[in-house]
Amino acid sequence: MERTFNLPDLGEGLEDAEVVEWKVAEGDAVELNQPLVDVNTAKALVEIPSPYEGTIVKLHGAGGDVIEVGSPLVTFEVADDAPVDESILAGAAARDGDESAPKREAVLVGYGVEQGSKGRRRTLRPPGTRPAPVPQRPADPGKVQASPVVRRLAKEHGVDLATIAGSGPGGRIRRGDLEQALSGREPAPTAAPAISPGTEERVPVRGIRRLIAQKMAKAWAEVPHVTTFRTIDATWVDALRRELTEESGVKVSPLPVVVRALVEVVQRHPKLNASFDTEAGEIVLKGSCHVGIATDTDQGLLVPVIRDADRKGIATIARETAEIATAAREGRGTPEQLTGSTITITNVGTFGSEYGTPIINVPEVAILALGAIRERPWVVDGELQPRRVATLSLSFDHRIIDGAEAGRAMTDLATILESPFHLGALPRR
Amino acid sequence: MPEVTMGQALTQALRFSLEHDDRVLILGEDIGKLGGVFRITDGLQTEFGERRVFDTPLAEAGIAGVSLGLTMAGWKPVMEMQFDAFSYPALDQVISHAAKWRYRSAGTLNVPIVIRIPEGGGIGAAEHHSESPETYYAHTSGLKVVVPSTPIDAFGLLVRSIQDPDPVVFLEPKSRYWSKETGDLEPNGLPIGAARIMREGDHASLIAWGAMVSRCLDVAEAAAEDGVSVEVIDLRTLVPPDLETLATSVRKTGRAVVVHEAPMILGFGAEVVARLMEDAFEYLEAPVLRVTGWDTPYPPATLEEHYLPSVDRILAALGKVLEY
Amino acid sequence: MTHDTFRILAEDGTVDEEAREGLDLKDEDLRQLYRYLAITRAIDLECTALQRQGELAVYPPAIGQEAAQVGSGYALGDEDFVFPSYREVGVAVTRGIDIVDYMHFHRGTWHGGIPDPVGKRFSMISVPVGSQPLHATGWAMGAVLDGTQACAIGYFGDGASSQGDVHEAMNFAGVFRAPVIFFCQNNGWAISVPVEKQTAGKIYRRAEGYGFPGVRVDGNDVLAVYKVTREAAERARTDRVPTLIEAMTYRMGPHSTADDRSRYQPEEQIAEWGGRDPIERYRRFLVAQDVVDDAFLEEAQNEAKARAAEVRKGIAGAPPRPVEDLFKWIYTGDELPQHLARQRDEALAFAQEDDDA
């Protein structure tokens, strides 16, 4: 069988050697340790003895050629029982022609330094991007587990950590748990101000908060935002969602209904489902409609994506939205589930807002905010009636979409949502 | 019950070991007839003979080197380095050989030596007599590093160190040689590698070894007057460290201060802090602070008290961690 | 060669009968010496080749110093204890050390090179220069305490003689009357520093300062080395008087296979000493004295080659030890302290990933 002998590191701290004189020729039979070649390592002339008894098949280089340490020097034909080299030495690994084996740079007293880093196997997750699992009670109520930063915040806000459920391992209270608890509280009337009057406090912006900040700044800076509003009678939307909840067994909120209606609108107004390639100066119209649903979590803003929403029914959208959100919180969210939307919708109604000027989820070009559905006085057939009313806010990239077009899209959306007939035509499952 | 000084306890430990194991040898400079400059080996040569308790030439590398050769002939040398700084000439024999022979021989050799080193300051001494060299040894894998803080524990720890088949650097806090304790000398006390809770407390943990343990106990007394309950831990062994006891205490109190005479940079306190960060992070109410000698050469005697961690400096550090 | 250098065989193999007086070697011993010399040379050349083939990390050749090592090694008794530096392969061969184990040191398989030093009366390879004579002295002191009739021999070079530990070892030995031989192979070079730059005096003369005899011997005369070492061993065991032997020889190879000696070692000097091959000199003597015939010489060469091939077989392609060995022998006892157990588990986990990958 054939064995290739690669130039070993000769312990002289060099990377290569020049062939000065071959002592053998191709076809020669050689004995073990028979001198093969004199090489010049630029510091000294070194004679290399043959590691095998066999026949020379190939000499890899002529006189004057420079050969790198670890590269083939001589190929032999040896007897089948020649010793198999399992050593860790770079010479050996490279001996079998394995180019990917780490090469060593020789030093005075040993094999030498390994060049190049080993391939990496693990990836990192920036701090704060790991979504929180379901909160649990701490294992030992006597001793609350919480990181130093959480303790500081709790103290500042006058919160007793023992009253908070921690979502970290072993019930550890994470910052998000604390913030969630804080956001749900009524402000204590006698609570001391967190920051002493006349002083300032600095809170570092890190992790996902920082990413969001950067993204928002970029969107704001690059995209001329205009928002157009439409207040609609959402009574039928409400009715449909109740119907579907009963029918499908899935909890359907108004949001999936609006999502599906938006998807219809986008078919007629494809520029809403696009991105703007400024370098090429082109509007990139997307063939698929992946709707991002901006969701607020204790890890920050996540955007679960309903892929190919145009091929899904309202109940499916409702179910998937819940599933992806849960997966994201439990740290199981895949990139496919959390990125890649072509248009986004944000349900600002969940925190009580009625309308707003949402920032576009670049590189998209439009974002729809659904406001809170409230009982309001409405005019129905010339008469004042209390109806369930909501405002839709559509922010769009005014570089490529005009107010007129946006207005028309909104009108189409309103038409669907206010009409039991059009609503009924939306795929339900 | 008898009262005994640390020096006397150490002498007793050497006597005990010479009696119970006839392969134990004691060697060093001035340890024979003179009984050692601190009298730790007082009377031993008379009792056990020059064959087993003998003076050497003034050559620390030589003392360590021949001790290694002696182990190969089946002996268990207990050598004395006269003062902390004078152990440095022997560092090559200790680091390059003593620490590594078991490893290098794939377990066929072991090195049952004890290197006794009076260490630390606080005795108003001349230059080079007040060093705390524990980091050099603790950083060398293969050695054990033991530091008693009280007389009775010193007895037990030295007896165990001599019995230990591995090389032990036994650091004797010389400023405590004359400290007294009442009680029986017990050869089977707490083993090497176990830390001891000297005083229980709830508000903060004070971690120290050697001479600083008694200082920390003074600090805990003072703190108690202010209603602050301080737990004091005597580490007793730097390597292998008792991570369990340290972590348990700090998980309980949530606050810790480490105290040592040695300079701050890479003093063993840095190791303790790093371990507590890993093992007790989520229980910490405050950062773990260190109170140490300054990062200067050891000062002249007249300025010594401004260098060594004082009761007030330790109280100040406690104060800081309590504010969190 | 100066007048103070003891020698039995001239370069051409002829014998100084007066010097030979008292040499207690039978013909069989004379032949065995030759065998050891031939084996040492063959193994030494093989190991240099192995390094050039990438099978050893670095190898310090002993070529040229075979007589000094074999002659002294052969003069020791079974109970005597050897404390080598890192070039004493000839002593190892003569004392029956497994050379495959020894060469695993140079392969980087593990440290030490000598499993069971106490059992083999051969201490581990010592790299910190000049540190091992102290161990020899210490062992010898320990032997005296037990009444053991044996001596230690500590090997070191002309370079090592400058180290403080060597002075301390000899001083201790003189004071404690330790049965130890201090064997200095003055091979002319400490890497690139010639002995003239290493010390201004004659190394063997230092013994006087320590209170015991010193002798200079032609290190390339295996019989002279043998005789002088034998006397020193007896002096040590019987009288408890150490001896310092300075064996004048020459480092025919580089300091190690990583050394570029053309930068400092004069070609003429190498050539001159090349004409003084200790094995060649001894062969001439054996032939002239009719102690050997061609058949023996051939058989000895074959045996030497076979021994070298054995080393090659044991070394080439040998795998590294398992990763867990990194943590096995830090302390005595099976259980690792916690701080080490954690690290071992981590190291093994990463190693497992490497395996799985």
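Provided above is the structure to which this section pertains.
Conventions used here
- Residues numbered from 1 in each chain as written.
- Chains lettered and ligands numbered in written order.
- Predicted model: local features only at pLDDT ≥ 70, side-chain atom pairs only at ≥ 80, totals over all residues.
- Heavy atoms only, no water.
- Helix = DSSP H or I, 4+ residues; strand = E, 2+ residues; numbered from the N terminus.
- Buried < 20%, exposed > 50% of the residue type's maximum accessible area, 1.4 Å probe, protein only.
- Contact = heavy atoms within 4.5 Å.
- Areas by Shrake-Rupley, 256 points an atom, 1.4 Å probe, with all protein chains shown as cover.
- Buried area = accessible area lost by both parts, 1.4 Å probe.
- Salt bridge = Lys/Arg side-chain N within 4 Å of Asp/Glu carboxyl O.
- Polar contact = N/O pair within 3.5 Å; in protein donor to acceptor, adjacent residues only side chain to side chain.
- Nonpolar A, V, L, I, M, F, W, Y, C, P; charged D, E, K, R; others polar.
- Pairing = 2+ DSSP bridges.
- Axes fitted to C-alpha atoms, helices over the stretch in contact; angles between N-to-C directions.
- Core = buried A, V, L, I, M, F, W, Y, C linked by side-chain atoms within 4.5 Å.
- Expected span 1.5 Å × (residues − 1).

A.B. asks: I'm lost on the overall build of chain A in this one. Help?
C.D. replies: In terms of regular secondary structure, chain A is built from 10 helices and 20 strands. Within chain A, the proportion of its 429 residues that are buried is 44%. Sequence separation of at least 24 residues holds for 62% of the intrachain contacts in chain A that already meet a minimum separation of 6. Of the roughly 22,400 Å² of accessible surface on chain A, 52% is carried by carbon and sulfur atoms.

A.B. asks: What is the right way to read helix H3 (residues 175-183) of chain A from this model?
C.D. replies: Because the α-helix completes a turn every 3.6 residues, residues three or four places apart line up on one side. Those residues of H3(A) that sit buried are A:Gly176, A:Asp177, A:Leu178 and A:Leu182. Residues of H3(A) that are buried sit in contact with helix H2 (148-156) of chain A.

A.B. asks: Explain the interface of chain C and chain B to me, please; I cannot follow it from the model alone.
C.D. replies: As a measure of interface size, the accessible area lost when the parts come together is often cited. Counting residues at the interface gives 43 residues for chain C, matched by 48 residues for chain B. Between chain C and chain B, roughly 3,700 Å² of surface is buried when both sides are summed, and carbon and sulfur atoms account for 62% of that area. Three residues, C:Leu145, C:Trp329 and C:Tyr331, lead the burial of chain C against chain B; their summed loss comes to 18% of the area buried on that side. Seen at the junction of chain C and chain B, the total is two salt bridges.

A.B. asks: Help me out: how do you make sense of the interface of chain A and chain B in this one?
C.D. replies: Taken together, the contacts link nine residues of chain A with nine residues of chain B. Between chain A and chain B lies a buried interface of about 740 Å² when both sides are counted; carbon and sulfur atoms form 47% of it. One can count one salt bridge joining chain A with chain B. In this structure, the salt-bridge partner of B:Glu285 is A:Arg151, at a minimum N-O distance of 2.9 Å. Here chain A is connected to chain B by three residue pairs in polar contact (both at pLDDT 80 or more). Of the residues in the side of chain A that touches chain B, the class split is three nonpolar, two polar and four charged.

A.B. asks: How do you make sense of the pattern of salt bridges when you look at a structure like this?
C.D. replies: Where charged atoms from two side chains of opposite charge approach closely, those side chains can pair. Residues and elements named next belong to chain B. In total, this model carries 59 salt bridges over all chains according to the counting rule given. In this structure, the salt-bridge partner of Lys144 is Asp166, at a minimum N-O distance of 3.6 Å. Placement of Lys144 in strand E6 (residues 144-146) and of Asp166 in the loop between helix H7 (151-163) and strand E7 (168-173) is noted, with a sequence separation of 22 residues between them. Side by side, Lys144 and Asp166 carry an identical accessibility label, which is buried.

A.B. asks: How should I be thinking about the pairing of strand E4 (residues 76-80) of chain B in this particular structure?
C.D. replies: Residues and elements named next belong to chain B. Across the five residues that make up E4, a large majority, four, are buried. In terms of strand pairing, strand E2 (residues 24-28) meets E4 through five bridges, oriented parallel. Bridging from a neighbouring strand, Gly28 pairs with Glu80 of E4. Direction of pairing for E4 relative to strand E5 (residues 114-119): parallel, over a ladder of three bridges. Bridged to Val78 within E5 is Val114.

A.B. asks: Any chance you could explain the sheet that holds strand E11 (residues 230-234) of chain B here in plain terms?
C.D. replies: Pairing between the strands of a sheet comes from backbone hydrogen bonds, and it takes one of two forms, parallel or antiparallel. Residue and element names in this part refer to chain B. Read from one edge of the open sheet, five strands run E9-E11-E10-E13-E14, paired in mixed fashion. The sheet is open, and its two edges are formed by strand E9 (196-199) and strand E14 (289-293), each paired on a single side. Each neighbouring strand pair of the sheet contributes to a mean axis angle of 25°, computed without reference to strand direction. Here strand E13 (residues 256-263) runs beside E14; their pairing, made up of five bridges, is parallel. By the bridge assignment for E14, Pro263 is matched with Gly293.

A.B. asks: Please explain the nonpolar core as it appears in this structure.
C.D. replies: The tendency in soluble globular proteins is for nonpolar side chains to be buried as a group. C:Met103, C:Leu223 and C:Tyr282 are the most contacted members of the largest nonpolar core, which has 156 residues in total. Take this core: its biggest share by element is 11 residues, from helix H2 (residues 27-52) of chain C. Residue contacts for C:Leu223: discarding those within four places in its chain leaves C:Ile8, C:Leu9, C:Leu23, C:Leu25, C:Leu30, C:Leu33, C:Tyr282 and C:Phe285. Judged by nonpolar contacts, the second largest core, of 48 residues, contains A:Leu240, A:Val263, A:Ala274 and A:Val291.

A.B. asks: Would you explain helix H7 (residues 314-329) of chain A in this entry?
C.D. replies: Residue and element names in this part refer to chain A. The end-to-end C-alpha distance of H7, which contains 16 residues, comes to 23 Å, matching closely the 22 Å that a straight helix rising 1.5 Å per residue would cover. Residues of H7 that are buried: Ile314, Ala315, Thr316, Ile317, Ala318, Glu320, Thr321, Ile324, Ala325, Ala327 and Ala328. Buried-residue contacts for H7 involve helix H5 (235-248), helix H6 (254-268), strand E14 (291-297), strand E15 (300-302), strand E16 (305-306) and helix H8 (335-338). Positive backbone phi, at 75°, marks Gly331, one or two positions downstream of H7.

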